[in-house]
Amino acid sequence: MSIQSLFKPFKYKNLELRNRIVMAPMTRAQSDNGVPTQQISDYYGRRAAAEVGLILSEGTVINRPASKNIQNIPDFYGTEALNGWKNVIDNVHSNHGKMGPQIWHVGDTRSSEDYPLTAMEKASTMTLEDIKDTIAQFAASAKSAKDLGFDVLEIHGAHGYLIDQFFWERTNTRTDEYGGKTIKERNKFAVDIVKAMREAVGDDFTIILRLSQWKQQDYMARIANTPEEMEEWLLPLKEAGVDIFHCSQRRFWEEEFEGSDLNFAGWAKKITGQPTITVGSVGLDGDFMKAFAGEGTEKKTDFSELTRRLERGDFDLVAVGRALLQDPEWVLKIKENKTEELENFKAESLAVLY
């Protein structure tokens, strides 16, 4: 298996990438009061200059109460924040990179910070008017992404945040049109968001949706227990306008369903026929979640299993998180076979913008 399979160009709609490597979204929480700084711009610009195929920003929030749970998570609304993002995308483009913002609402999640105080209270069930406005704000941020010149956008529908809370039966106990006993029923909130965002950006602009089975609240959680349930989950999202499914696993090499070695991204591509991104401990020797416990994670230099699956056509793109956070030149070092120069991930790097 050749590592060069990671460096084949990728084209979908108007999106053209020089390689198959995606920088995964990673919360940095260093945008002053929600406004991306020059340091943030330089952080992404360095990855673009070092030939990351597609950069996906850290989660950026829509204009809704309690859409974020840490003050310095970036906003994706308002003149000042959007001007900051314009500086970011212009920097990335000047370094011959491609980038999309990840559009986000944290939902009923909590931070160790007391921000905002109202969001730290027990969340109440969203009214239908709340839902209507939330959908409209997702669409407004989507339009801003296109207007600012971003190449794609990603919707954060994973890891136990707001959209995922509607997917998950443990958190969605609604009895109206946005609830239900099946994923087909609980899909409506996400489907309505995707439709609104698609209308806002038109047919040619690429929309990525990040999904996960696991949640930060429960690593063993599952939305789809069978391929049939995954069809009920993913096909309506495809029909609503999702172009690429970004399939988050803790370990990309693990099979999704018994009887097949396909991972989550492999099954998503098989079911929908759409391009998929795989992610989960790529470039790390072990589970990336160890980083959150303050444990270092060794670099991984054997990519044979990753390239085997890529060359087989299981997925189209490969997202790398912690390894790229630690080492801006990770892609170039892999490309030039300088694996001995790769840096080991250090947990303290989560607080630093290299």
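Each value, and the rule that gives it
Residues numbered from 1 in each chain as written. Predicted model: local features only at pLDDT ≥ 70, side-chain atom pairs only at ≥ 80, totals over all residues. Heavy atoms only, no water. Buried < 20%, exposed > 50% of the residue type's maximum accessible area, 1.4 Å probe, protein only. Helix = DSSP H or I, 4+ residues; strand = E, 2+ residues; numbered from the N terminus. Contact = heavy atoms within 4.5 Å. Polar contact = N/O pair within 3.5 Å; in protein donor to acceptor, adjacent residues only side chain to side chain. Core = buried A, V, L, I, M, F, W, Y, C linked by side-chain atoms within 4.5 Å. Patch = residues over 30% accessible without salt bridge, like charges linked within 9 Å, V, L, I, M, F, W, Y side chains within 5 Å. Areas by Shrake-Rupley, 256 points an atom, 1.4 Å probe, with all protein chains shown as cover. Salt bridge = Lys/Arg side-chain N within 4 Å of Asp/Glu carboxyl O. Lys, Arg positive; Asp, Glu negative; His and termini not counted. Charge placed at Lys NZ, Arg CZ, Asp CG, Glu CD. Pairing = 2+ DSSP bridges. Axes fitted to C-alpha atoms, helices over the stretch in contact; angles between N-to-C directions. Right-handed = clockwise from strand over helix to strand, strands pointing away. Expected span 1.5 Å × (residues − 1).

Right, let's get into helix H8 (residues 264-272). An α-helix turns once per 3.6 residues; consequently, residues spaced three or four apart project the same way. Counting buried residues in H8 gives seven out of nine residues, a clear majority hidden from the surface. Considering only its buried residues, H8 is in contact with strand E7 (206-212), helix H7 (227-240), strand E8 (244-248) and strand E9 (276-279). For H8, the N-terminal capping position is held by Asn263, with its side-chain oxygen 3.2 Å away from the main-chain nitrogen of Ala265. Once H8 finishes, Gly273 follows within two positions and takes phi at roughly 75 degrees, a positive value.

With 85 residues, the main nonpolar core has Tyr44, Trp233, Leu237 and Trp330 as its most contacted residues. A total of eight residues in this core trace back to one element, the largest contributor, which is helix H6 (residues 188-201). In contact with Trp330, other than residues within four places in its own chain, are Ile21, Gly283, Phe303, Val320, Ala323, Leu324 and Leu342. Formed by 15 residues, the second largest nonpolar core is a distinct cluster that contains Leu15, Leu54, Val152 and Ile244.

So, on to a negative patch on the surface. Among the surface-exposed residues, Glu329, Glu340, Glu341 and Glu343 lie close enough to one another that they form a single negatively charged patch. Within the fold, Glu343 resides in the segment after helix H11 (330-335).

Quick look at the sheet that holds E9 now. Reading around the circumference, E3-E4-E5-E6-E7-E8-E9-E10 is the order of the eight strands in this closed barrel, with parallel pairing throughout. Looking at each pair of strands side by side, their axes are set apart by 25 degrees on average, direction ignored. As judged from the five bridges shared by E7 and E8, these two strands associate in the parallel manner. Bridge pairing links Arg210 to His246 in E8. Helix-sheet contacts for helix H2 (residues 79-94) involve strand E4 (54-61) and strand E5 (99-104), and the interaxial angle to E5 is about 150 degrees.

Our focus in this paragraph is the pairing of E9. Successive residues of a regular strand alternate their side chains across the two faces of the sheet. Neither face of E9 is left uncovered, since the one carrying Thr276 and Thr278 and the one carrying Ile277 and Val279 both have all their residues buried. Direction of pairing for E8 relative to E9: parallel, over a ladder of four bridges. In the strand pairing of E9, Phe245 is matched with Thr276. For the handedness criterion, the β-α-β arrangement of E8, H8 and E9 is classed as right-handed. Sheet analysis places E9 next to strand E10 (residues 317-320), joined by three bridges and oriented parallel. Across the sheet, the residue bridging to Val279 is Ala319, located in E10.

Moving on, we get to the pairing of strand E6 (residues 152-156). Among the five residues that make up E6, five are buried, leaving the element largely enclosed by the rest of the structure. Residues Val152, Glu154 and His156 point to one face of E6 and Leu153 and Ile155 to the other, with burial holding for every one of them. Pairing of E5 with E6 involves two bridges; the strand directions are parallel. Bridge pairing in E6 links Gln102 to Glu154. Bridge analysis of E6 against E7 gives five bridges, and the strand direction is parallel. Bridge pairing in E7 links Leu153 to Ile207.

Before going further, it helps to examine helix H3 (residues 128-148). The first and last C-alpha atoms of H3 sit 30 Å apart over 21 residues, in line with the 30 Å expected at 1.5 Å per residue. Close packing links the buried residues of H3 with H2, E5, E6, helix H4 (162-167) and H6. Positioned one or two residues after H3, Gly149 has a phi angle of 100 degrees, which is positive.

Okay, unusual backbone geometry next. Of note in the backbone geometry, Glu51 takes a positive phi value of approximately 70 degrees without being a glycine. Inspection of the secondary structure assignment puts Glu51 in the loop between helix H1 (38-49) and E4. In this structure, His159 is a non-glycine residue whose phi angle is positive, near 60 degrees. Relative to the helices and strands, His159 is located in the loop between E6 and H4. When its relative accessible area of 10% is taken as the criterion, His159 is described as buried.

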